[in-house]
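Here are the chains, one letter per residue:
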Amino acid sequence: MTDKKALIRAAIEALPGSYVPYSHFHVAAALLCADGSVYTGINIENASYTPTICAERSAFFRAVNEGRREFEAIVICGGKEGVITDYCAPCGVCRQVMREFCDPETFQIILAKSEEEYREFTLKELLPMGFGPENLM
Ligand code: THU
């Protein structure tokens, strides 16, 4: 995998870009594609609330728009007013979007507080018995 610290740095550097006038809870993600490219994403909120998109899906949809289909890992970080005090786990909807494109056994979800302090999970650990594309075959 591309340097894990570099991927964490990419997510942390993206964090101030979050558009969060309502919750003030910043989230950023850095998604590593199989070809080595990296796409960052931020959460973007909306006055009507439900159109809000999470950082993880921002990153995935940017990458998929650019033709990427294979992914290795995602770093997620976040915190109130952009200050990271704890691990920021992905919501259920974002886990399901990951399930569409990623191998649950190998895709790594890295929750980072800093380049030194992070926790790693497979998608299968965070979304056991998920429903995926192969269920429709
Ligand atoms: N949020 C994310 O960006 N990712 C998650 O997985 C959890 C929640 C955002 C959505 C909203 O802008 C804010 O965090 C508070 O829910």
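The rules behind these values
- Residues numbered from 1 in each chain as written.
- Predicted model: local features only at pLDDT ≥ 70, side-chain atom pairs only at ≥ 80, totals over all residues.
- Heavy atoms only, no water.
- Helix = DSSP H or I, 4+ residues; strand = E, 2+ residues; numbered from the N terminus.
- Near = heavy atom within 4 Å.
- Polar contact = N/O pair within 3.5 Å; in protein donor to acceptor, adjacent residues only side chain to side chain.
- Areas by Shrake-Rupley, 256 points an atom, 1.4 Å probe, with all protein chains shown as cover.
- Nonpolar A, V, L, I, M, F, W, Y, C, P; charged D, E, K, R; others polar.
- Core = buried A, V, L, I, M, F, W, Y, C linked by side-chain atoms within 4.5 Å.
- Buried < 20%, exposed > 50% of the residue type's maximum accessible area, 1.4 Å probe, protein only.
- Contact = heavy atoms within 4.5 Å.
- Salt bridge = Lys/Arg side-chain N within 4 Å of Asp/Glu carboxyl O.

Trainee: Would you mind showing me how to read the environment of Ala30 here?
Mentor: Here Ala30 shows up in strand β1 (residues 25–33). Sequence separation between Ala30 and Lys113 is 83 residues, and the spatial gap between their C-alpha atoms is 14 Å.

Trainee: Is there a simple way to explain the site of the ligand in this structure?
Mentor: Around the ligand lies a shell formed by Ser23, Phe25, Val27, Asn43, Glu45, Thr52, Cys54, Ala55, Glu56, Ala89, Pro90 and Cys91. Contacts to the ligand include Asn43, whose side-chain N or O atom sits 2.9 Å from an oxygen atom. Between an oxygen atom of the ligand and a side-chain N or O atom of Glu56, the distance comes to 2.7 Å. Burial of the ligand by the protein chains amounts to 77% of its free accessible area of 380 Å². For the shell around the ligand, the per-class residue count stands at seven nonpolar, three polar and two charged.

Trainee: I'm lost on the nonpolar core in this one. Help?
Mentor: The nonpolar side chains of a soluble globular protein tend to be buried with one another. Counting 24 residues, the largest nonpolar core has Phe60, Phe71, Ile74, Met98, Phe107 and Ile109 as the members making the most contacts within it. Mapped onto this core, the elements with two or more residues apiece are β1, α2 (55–65), β3 (71–80), α3 (92–101), β4 (108–112) and α4 (123–126). A per-element tally of this core places α2 first, with five residues. Beyond its immediate stretch of four places on either side in the chain, Ile109 contacts Ile74, Ile76, Pro90, Met98, Arg119, Glu120, Phe121, Leu123 and Leu126. One finds Ile8, Ala28, Leu32 and Val75 within the second-largest nonpolar core, a separate group that totals 14 residues.

Trainee: Before we go on, may I ask you to explain unusual backbone geometry in this structure?
Mentor: In terms of backbone geometry, most residues other than glycine have negative phi values and most peptide bonds are trans. Even without being a glycine, His24 presents a positive backbone phi close to 60°. Not every positive phi belongs to a glycine, and Glu81 is a case in point at roughly 55°. Positionally, Glu81 belongs in the loop between β3 and α3.

Trainee: Hey, could you run me through the pattern of salt bridges in this one?
Mentor: Should the charged atoms of two oppositely charged side chains come close, the side chains can pair. Enumeration according to the criterion identifies seven salt bridges in this entry. Residue Arg68 pairs with Asp35 through a salt bridge whose shortest N-O separation is 2.9 Å. Separated by 33 residues along the polypeptide, Arg68 in the loop between α2 and β3 and Asp35 in the loop between β1 and β2 (38–42) bring together distant segments of the chain. Between Arg99 and Glu134 there is a salt bridge; the shortest N-O distance is 2.5 Å. Taken as a pair, Arg99 in helix α3 and Glu134 in the segment after α4 lie far apart in primary sequence, 35 residues in all. Classification of Glu134 by relative accessible area gives partly exposed; the value is 44%.

Any link to function would need more than the numbers given here.
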